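Structural description and commentary
Residue-level listing of the chains:
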Amino acid sequence: MEAPLSPRESGKSIAENSKDVFIEEEGVKKVAEMLYAERGCEVFTAQGWKQMNPLAPVCMSDDAVNWVFVVDTLNFSFWSDKDDEQCLVTYKDKTYSGYMSLCAAISRAMDEGIPITEASYFANMALDDLKHVLRSDNNVPMPMIKERHQALTEAGKVLLEHDGSFLKFIRKGGNSAEKMIKLIVETIPSYRDEATFEGKKVAFYKRAQILVADFWGILEARGEASIPDIGYLTMFADYRVPQALVYLGALRYSSELMKTLKEGVILASGDRREVEIRGCSIWCVERIREQLWDIAEQREGCKLEHVNSAVIDFYLWPYAKEHHVEMAHIPIHHTRSIYY
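Residues numbered from 1 in each chain as written. Predicted model: local features only at pLDDT ≥ 70, side-chain atom pairs only at ≥ 80, totals over all residues. Heavy atoms only, no water.

**Brief notes about the overall build of the chain**
To keep things clear, this is the line we draw: A helix here means a DSSP run of H or I that spans at least four residues, while a strand means a run of E at least two residues long, and both kinds are numbered starting from the N terminus. Note that the radius of gyration is over C-alpha atoms, with the globule rule given as 2.2 Å times the number of residues to the power 0.38. When accessible area is computed with a 1.4 Å probe and restricted to protein chains, residues below 20% of their type maximum are described as buried, those above 50% as exposed, and intermediate ones as partly exposed. The contact rule is simple, with two residues in contact once any of their heavy atoms fall within 4.5 Å. Using the Shrake-Rupley algorithm and a 1.4 Å probe, accessible areas are obtained, with residue cover drawn only from the displayed protein chains.
On a plain count of helices and strands, the chain comes out with 15 helices and 6 strands. In summary, the chain has a C-alpha radius of gyration of 19 Å against a globular reference of 20 Å for 340 residues, a match within 12%. With the C-alpha coordinates aligned to their principal axes, the bounding extent of the chain is approximately 55 × 45 × 45 Å. Residues classed as buried in the chain amount to 57% of the 340 residues present. A fraction of 74% describes how many contacts in the chain between residues 6 or more apart in sequence connect residues 24 or more apart. On the chain, roughly 14,500 Å² of surface is accessible, and the fraction owed to carbon and sulfur atoms is 49%.

**Here we look at the nonpolar core**
For clarity, the cut-off: Take the buried residues of types Ala, Val, Leu, Ile, Met, Phe, Trp, Tyr and Cys, join any two whose side-chain atoms come within 4.5 Å, and each joined set is a nonpolar core.
Core analysis: the biggest nonpolar cluster contains 119 residues, and Ile106 and Ile116 have the highest contact counts within it. Considering each element in turn, this core owes the most residues, 11 residues, to helix 14 (residues 272-300). Contact partners of Ile116, with chain neighbours within four places excluded, come to Val70, Ile106, Ala109, Met110, Tyr121, Phe122, Met125, Val133 and Leu152.

**A closer look at unusual backbone geometry**
Positive phi values are uncommon outside glycine, yet Ser77 reaches one of about 50°. Among the structural elements, Ser77 can be located in the loop between helix 4 (62-73) and strand 2 (89-91). Even without being glycine, Glu198 reaches a positive phi, approximately 50°. Taking relative accessible area as the criterion, Glu198 reaches 47% and is therefore assigned partly exposed.

**As for the packing of aromatic side chains**
Threshold: Two rings belonging to Phe, Tyr or Trp (six-membered ring only in the last case) form a pair when the distance between their centres is within 6.5 Å. Interplanar angles under 30 degrees mark stacking, angles over 60 mark edge-to-face geometry, and anything in between is tilted. Only when the NZ of Lys or the CZ of Arg is both within 6 Å of the ring centre and within 35 degrees of the ring normal is a charge said to sit over the ring.
Taken as a whole and assessed by the stated rule, the structure comprises 8 aromatic pairs. Pairing Phe78 with Tyr99 gives two aromatic rings, centres 6.3 Å apart and planes at 75°, and the pair type is edge-to-face. Of this pair, Phe78 sits in the loop between helix 4 and strand 2 while Tyr99 is found in helix 5 (residues 98-111), placing the two residues 21 residues apart along the sequence. Both residues of the pair, Phe78 and Tyr99, belong to the buried class. Their ring planes at 40° and their centres at 6.1 Å tell us that Phe236 and Phe314 sit as a pair that is tilted. Highlighted residues: Phe236 in the loop between helix 11 (206-222) and helix 12 (240-247) and Phe314 in helix 15 (residues 309-322), separated in sequence by 78 residues. Three or more aromatic residues joined by ring pairs make a cluster, and in this case those are Phe69, Phe166, Phe169 and Phe215. Cation over ring: Arg207 sits above Tyr191, and NZ or CZ is 4.2 Å from the ring centre.

**A look at the pairing of strand 5 (residues 200-203)**
Spelled out, the test is: Paired strands, as defined in this entry, are two strands with at least two bridges between them according to DSSP.
Note: strand 4 (residues 194-197) against strand 5, 4 bridges, orientation antiparallel. Opposite Thr196, over in strand 5, you have Lys201 as the bridge partner. Taken together, strand 4 and the strand that follows it, strand 5, pair antiparallel across an intervening segment of 2 residues, in which Glu198 is found at a positive phi of about 50°.

**Points about helix 11**
Worth spelling out the cut-off: Here, expected helix span is obtained from the residue count minus one, scaled by 1.5 Å.
Between its terminal C-alpha atoms helix 11 stretches 24 Å, which fits the 24 Å expected from 17 residues at 1.5 Å a residue. The buried fraction of helix 11 is high, at 14 of 17 residues. One or two residues past the end of helix 11 sits Gly223, with phi positive at roughly 70°.

**A word on the environment of Ile266**
With respect to the helices and strands, Ile266 occurs in the loop between helix 13 (255-262) and helix 14. Residues Ile266 and Val325 lie 59 residues apart in sequence; the distance between their C-alpha atoms is 22 Å. With residues up to four places along the chain from it excluded, the contact list for Ile266 reads Trp79, His334 and Thr335.

**Quick look at the state of the cysteines**
Working definition of a disulfide: a covalent bond connecting the sulfur atoms of two cysteines. Our working rule: Note on disulfides: each one is a pair of cysteine sulfur atoms within 2.5 Å.
Inspection of the entire model under this criterion finds 0 disulfides. No disulfide involves Cys284; its nearest neighbouring cysteine sulfur is the one of Cys280, lying 8.5 Å away. When its relative accessible area of 0% is taken as the criterion, Cys284 is described as buried.

**Section: the pattern of salt bridges**
Where we set the bar: Salt bridges are identified by distance alone: a Lys or Arg side-chain nitrogen within 4 Å of an Asp or Glu carboxyl oxygen.
Using the criterion set out here, one finds 20 salt bridges in the structure. Across the pair Glu16 and Lys12 runs a salt bridge whose closest N-O atoms are separated by 2.6 Å. Here Glu16 and its partner Lys12 are both found in helix 1 (residues 7-17), 4 residues apart, which amounts to about one turn of the helix. Overall, Lys12 belongs to the partly exposed group, its relative accessible area being 37%. A salt bridge links Lys201 to Glu194, with the nearest nitrogen and oxygen atoms 3.5 Å apart. Among the charged side chains, a network of salt bridges with common partners joins Arg8, Glu25, Glu286, Arg287, Arg289 and Glu290.

Put into structure tokens, the structure is as follows:
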């Protein structure tokens, strides 16, 4: 079977053949300048990303590392069918929605004595047990609960082959981001985020890349060896960052695509338009990174190589959340998928 293009190669190929999504070089330069102005910001580090999530484990014990694995395995499809009807989870007197509702639910379960981070438990847990763990404060359930159950139990069975330890599993990839991605997507089906575009098999691997990025943050927190080829990671192609890229003028949708999205049309996973949005977002961030490195080299004589594409995503995702009101006129694309 033909191997798919890597996420970076996929982004380039899709951008070169896209019919409805376009990269705007002037906007790319504008975003690169914006990032350069904030280059000393803590978010441009592995630890900065973890500190932005107040529910992420502070100590990095093996159980805490498995918390990261469970959350990343369930990290998909949080958008609501209606904006005013969101799944809400309250934890320690604070109410969360979206991705943070998942983090809150997993942490709540741990406090309740549910061994949700133990592979021996979640590999065999019943659907009703997961429904209880992910229960909402209101009558709006977390979407795709059956798919989440399948993804989690499948992943748990993989960990059981490695003494239930994510650390033992991921170390089979050595200290290479590329090898870790390959290990994850070849071993755990729900991470196999691929599509076909112009007759080519392409890959995005959004959740697999986040999992490796989170592992990178874990290594940094534990003071252990880092991942030399962490720059292999691209941005994590979802529905929030593309919206930010359009808002910032680095990405442009055709008038037809914009009309479709504003009408709330749900794009099927693998739909050409969905693939173009994700692929062009990847290549857009690559162009932003290249511009940023060029600016730094021209002005400082260095390339800011620690600001890789994944770190730029670390900046853009919370930027999109923080500016959601200003960006409300730009629609996100809606796709029900286990991949993001």
